[in-house]
Amino acid sequence: MSDKLVTILVGGAAGQGLATVGQLLSKSLSRSGYHVSVTQVYMSRIRGGFNTFAIRAGAECTNAPDELADIVIALNQEAVEQCASTLRPGGLLVLGDGLDPQGHRSIRIPLASLAPKPIYYNVAGSAVVGALIGIPQIEIAQLLEESFSRKGEDVVKQNLDVLRDSYAWALGQEITCRPLPESPEIPWLLMNGNEAIALGALAGGCNFCSFYPMTPGTSIAQTLISKGAELGVVVEQVEDEIAALNMAQGASYAGARAIVPTSGGGFALMTEAMSLAGVAETPVVAAIAQRPGPATGLPTHTEQADLNLALYAGHGEFPRAILTPGTVEECFQAGFQAMNLAEKYQTPVVILTDQYLADNIHTVEAFDLEALPPLHRPAEHSEFPVGAYQRYALTESGISPRLIPGFGPHCVVADSHEHLESGKITEDPVMRNAQNEKRMRKEQGMLAEALSPVCAGDEHPDLLLVGWGSSLGAIKESAELLREQNVRVAVMHFRQVWPLPTRKLLDWASRARATVCVESNITGQFAGLVRKVCGLDFDLRILRYDGLPLTAGYIYRALDTSDLQLEQRG
């Protein structure tokens, strides 16, 4: 993998332009036809603190961060101290001439002579790295023109002058670094997981979003604001998270297809509204970008510790679906499917991602909208004789006919109590049982069409590595490392964790010598769910809960130091 990928790590304080350097390089790489995957680690600061922007680029696709770097761009001395030690043998430290490389192999850029003002230093640094690894100068030049054209010709010219002089300076240096491999020259789109969820939701007919800002889920709403305006999408920033989910249900009752983006702390406040959606059978989607808790925890870092929250949120019992995409492409698919599932089964659906995947900028191919299945639609008033419509009619599938009020003669009711088929409140125990059982029958339908886990590798593996959500990329790369040690490995990735499809897992587990569950929380929430549903107890749980994303190295080291003895199993 490393022969076909180059990792560039940019380190510095918030406000230094770290994202400017990273985005210039990542966009120019993607436009040059390379696969790109970006991992961002940032502190909860507006300015200051210490942040990193890591770019993995090359001729192969990757969905996992790298622990080592080929190039480190240090924007301050702290970046030298914290990041230079991650350089691979032969790696290069790029820094300004006022910083101390502390003995590392380095190239010191004369920023003051290449750029007329400090505001252009980031362009100079990007240009030097672009020249060293072989990014065509024209790609960065076009980006600069697009980015600064609204500021006038003089600003564009100054940026292009700095770019030209910095490229010429870098190409005149004797120092080298490992260049990029030959480009596959594929016309990529570049987006993060949250943007993909928003676009998928739009493809799924989303036309309403209510939210209260909370890192790292807010950019779903921001994308809907910027991309959905011409589609007539209404986005409301409300006073708190409780109002967000309740407003979405009001919009859904009136016929909108609604999504509510948030994080774990915000979703915790929505649990009563989840129950309302359950009993009123209101289609609504909650997109939760997980971050470490409890409480505020590490608000800008990553974790997979809200699975139980999503699974059990809300008092009482009612059906739901929980989708757990593992890549940016799967985020798009999850956005579309969640809107359709909620509409079809008239129940809340949760998309569960995390900070790593939400902020992971990745190259993707253009989505094939023509291949998407048809959208589920509410029933029409004309389908029912006057007086014959029953909102909560008892059906074999558990799905009752849903009309939109105001589009016909029928009265369309919704309430937070148990009800008769007509929707009128009841406390009759027989009807209570009938309605409760009707709602729960929806889970049978959702399970029948649940996303099956994706499994690949040796059919009779020594190790079956199982994960969900964003762990996919790291698990796949760790499997490659294990195969280099002649270990037979299979990888299973769950894109949906509720209703939980277990048949394929039990089949592969029966043929594996050992099973390992990999997830980012301290208690092994998914492993516990699997044991509860189908009785499978994993031989080993690899858990990470320090706020950093899983890596292949982390998984490999955990296996290496475990008590798992494959040679003693049979």
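See above for the structure.
In this text, all values refer to a predicted model and were calculated from it rather than measured experimentally. (Residues numbered from 1 in each chain as written. Predicted model: local features only at pLDDT ≥ 70, side-chain atom pairs only at ≥ 80, totals over all residues. Heavy atoms only, no water.)

Describing the overall build of the protein chain
For step 1, the next point in the chain: Per the secondary structure count, the protein chain includes 20 helices and 20 strands.
For step 2, the next point in the chain: What you see for the protein chain is a C-alpha radius of gyration of 26 Å, in line with the 25 Å of a compact globule of 570 residues.
For step 3, the next point in the chain: When its C-alpha atoms are laid out on the principal axes, the protein chain stretches across 85 × 70 × 40 Å.
For step 4, the next point in the chain: Across the 570 residues in the protein chain, those meeting the buried criterion constitute 57%.
For step 5, the next point in the chain: If you take every contact in the protein chain between residues at least 6 apart in sequence, the share linking residues at least 24 apart comes to 75%.
For step 6, the next point in the chain: Entry remark: accessible area of the protein chain is about 23,800 Å², with carbon and sulfur atoms responsible for 51%. (Helix = DSSP H or I, 4+ residues; strand = E, 2+ residues; numbered from the N terminus. Rg over C-alpha atoms; globule rule 2.2 N^0.38 Å. Buried < 20%, exposed > 50% of the residue type's maximum accessible area, 1.4 Å probe, protein only. Contact = heavy atoms within 4.5 Å. Areas by Shrake-Rupley, 256 points an atom, 1.4 Å probe, with all protein chains shown as cover.)

Considering the pattern of salt bridges
For step 1, the next point in the chain: The final tally for this structure, using the stated rule, is 23 salt bridges.
For step 2, the next point in the chain: The shortest N-O distance in the salt bridge between Glu 343 and Arg 402 comes to 2.6 Å. Of this pair, Glu 343 sits in helix H13 (residues 328-345) while Arg 402 sits in the loop between strand S14 (361-364) and helix H15 (429-440), placing them 59 residues apart in sequence.
For step 3, the next point in the chain: For Arg 402, a relative accessible area of 6% corresponds to the buried category.
For step 4, the next point in the chain: Note that Asp 462 and Arg 488 form a salt bridge whose closest N and O atoms lie 2.9 Å from each other. With Asp 462 in the loop between strand S15 (454-457) and strand S16 (463-468) and Arg 488 in the loop between helix H17 (472-484) and strand S17 (489-494), this residue pair connects regions lying 26 residues apart in the sequence. (Salt bridge = Lys/Arg side-chain N within 4 Å of Asp/Glu carboxyl O.)

Topic: unusual backbone geometry
For step 1, the next point in the chain: Put simply, Thr 215 and Pro 216 share a cis peptide bond, and its omega is 0 degrees.
For step 2, the next point in the chain: Here Pro 216 is to be found in the loop between strand S8 (208-211) and helix H8 (218-228).
For step 3, the next point in the chain: The backbone phi angle of Glu 281 is positive, close to 55 degrees, even though this residue is not glycine.
For step 4, the next point in the chain: For Glu 281, the position within the fold is in the loop between helix H11 (271-280) and strand S11 (284-290).

Brief notes about the sheet that holds strand S18 (residues 496-498)
For step 1, the next point in the chain: Taken in spatial order, the seven strands of this open sheet run S9-S8-S10-S11-S13-S12-S18, and their pairing is mixed. The outermost strands of the open sheet, each flanked by one partner alone, are strand S9 (234-237) and S18. Neighbour-to-neighbour, the strand axes of the sheet open up by a mean angle of 20 degrees, direction not taken into account.
For step 2, the next point in the chain: As judged from the four bridges shared by strand S10 (residues 258-262) and S11, these two strands associate in the parallel manner. (Pairing = 2+ DSSP bridges. Axes fitted to C-alpha atoms, helices over the stretch in contact; angles between N-to-C directions.)

Details of the layout of surface pockets
For step 1, the next point in the chain: As a volume, the largest pocket reaches approximately 720 Å³.
For step 2, the next point in the chain: Every element with two or more residues in the lining of the largest pocket is listed here: helix H1 (18-31), strand S7 (189-191), helix H7 (193-203) and H8.
For step 3, the next point in the chain: Of the residues in the lining of the largest pocket, the class split is 14 nonpolar, 11 polar and four charged.
For step 4, the next point in the chain: In this structure, the second largest pocket occupies an estimated 580 Å³ of space.
For step 5, the next point in the chain: What lines the second largest pocket is a set of 22 residues, among which Leu 9, Val 41, Thr 52, Thr 86 and Leu 548 lie closest to the centre.
For step 6, the next point in the chain: For the lining of the second largest pocket, the secondary structure elements donating two or more residues are strand S1 (5-14), strand S2 (35-41), strand S3 (48-58) and helix H2 (77-83).
For step 7, the next point in the chain: Residue contributions to the lining of the second largest pocket peak at three residues, all from S3.
For step 8, the next point in the chain: Taken together, the residues of the lining of the second largest pocket sort by class into 12 nonpolar, seven polar and three charged. (1 Å grid on protein atoms, 1.4 Å probe; cavity = no way out; pocket = protein on both sides within 12 Å on 5 of 7 lines; lining within 4 Å. Points joined across faces, edges and corners; volume = space filled by probe spheres on them. Nonpolar A, V, L, I, M, F, W, Y, C, P; charged D, E, K, R; others polar.)

A few points about the environment of Glu 365
For step 1, the next point in the chain: In this fold, Glu 365 is placed in the loop between S14 and H15.
For step 2, the next point in the chain: Excluding its chain neighbours within four sequence positions, the residues that come into contact with Glu 365 are Trp 188 and Leu 189.

Quick look at the packing of H7 against H8
For step 1, the next point in the chain: Where H7 meets H8, the axes come as close as 8 Å, and the angle between the chain directions of the two elements is 50 degrees. Accordingly, the angle class assigned to the pair H7 and H8 is oblique. In terms of crossing hand, the pair formed by H7 and H8 is right-handed. Residue-level contacts link Asn 194, Glu 195, Ile 197, Ala 198, Leu 199 and Leu 202 of H7 to Ser 219, Ile 220, Thr 223, Leu 224, Lys 227 and Gly 228 of H8.
For step 2, the next point in the chain: Here the contact of H7 with H8 is composed, by residue class, of six nonpolar, four polar and two charged. (Parallel < 35°, antiparallel > 145°, perpendicular 65-115°, else oblique. Left-handed = near helix turned anticlockwise from the far one by under 90°.)

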